[in-house]
Amino acid sequence: QVQLVESGGGLVQAGGSLRLSCAASGSTFSRNVMGWYRQAPGKQRELVADITSGGSTKYADSVKGRFTISRDNAKNSVYLQMNSLKPEDTARYYCKYEMTTIRGETFDHYWGQGTQVTVSS
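Residues numbered from 1 in each chain as written. Predicted model: local features only at pLDDT ≥ 70, side-chain atom pairs only at ≥ 80, totals over all residues. Heavy atoms only, no water.

Engineer: Describe the overall build of the chain, listing the residues and the values that go with them.
Structural biologist: Within the chain, the secondary structure is distributed over zero helices and 11 strands. Reading the secondary structure of the chain in the N-to-C direction produces β-β-β-β-β-β-β-β-β-β-β. What you see for the chain is a C-alpha radius of gyration of 14 Å, in line with the 14 Å of a compact globule of 121 residues. Counted over contacts in the chain with a minimum sequence separation of 6, partners at least 24 positions apart contribute 54%. Working note: accessible area of the chain is about 6400 Å², and carbon and sulfur atoms make up 46% of it. (Helix = DSSP H or I, 4+ residues; strand = E, 2+ residues; numbered from the N terminus. Rg over C-alpha atoms; globule rule 2.2 N^0.38 Å. Contact = heavy atoms within 4.5 Å. Areas by Shrake-Rupley, 256 points an atom, 1.4 Å probe, with all protein chains shown as cover.)

Engineer: A description of the state of the cysteines should follow, citing residues and the corresponding values.
Structural biologist: The final tally for this structure, using the stated rule, is one disulfide. Each sulfur in the disulfide pair C22 and C95 lies 2.1 Å from the other. On the sign convention where negative means left-handed, the S-S torsion of about -85 degrees between C22 and C95 marks this disulfide as left-handed. Here C22, found in strand β3 (residues 18–26), pairs with C95, found in strand β9 (residues 91–100); they are 73 residues apart in sequence, far enough to count as distant. (Disulfide = S-S within 2.5 Å.)

Read these as spatial facts, not as claims about activity.
In structure tokens, the structure reads:
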């Protein structure tokens, strides 16, 4: 089992910034992908950004140029720096931890409890 603890959500005005953090503990695996997903009321959960243990990143088009994902492998942690926030970024943000094979195929995954981000206009 892997436990994920998220922090950093909150209420911010449009144009502001927030930084989310997620720390993994327990039976972590050296080859993994850590990422952030979000879910707004009435909408499906969607990928915001993820980063492999090797440092490769992927972003949703809607956040490119505004959000930056990073990680600290020694701390099993992933971070999401969110700048120029918009009201449409309002959602619950979830950390996801995926264990992958050498070919990048996910064979197990875990979710955090989520942290709320609210952007006021």
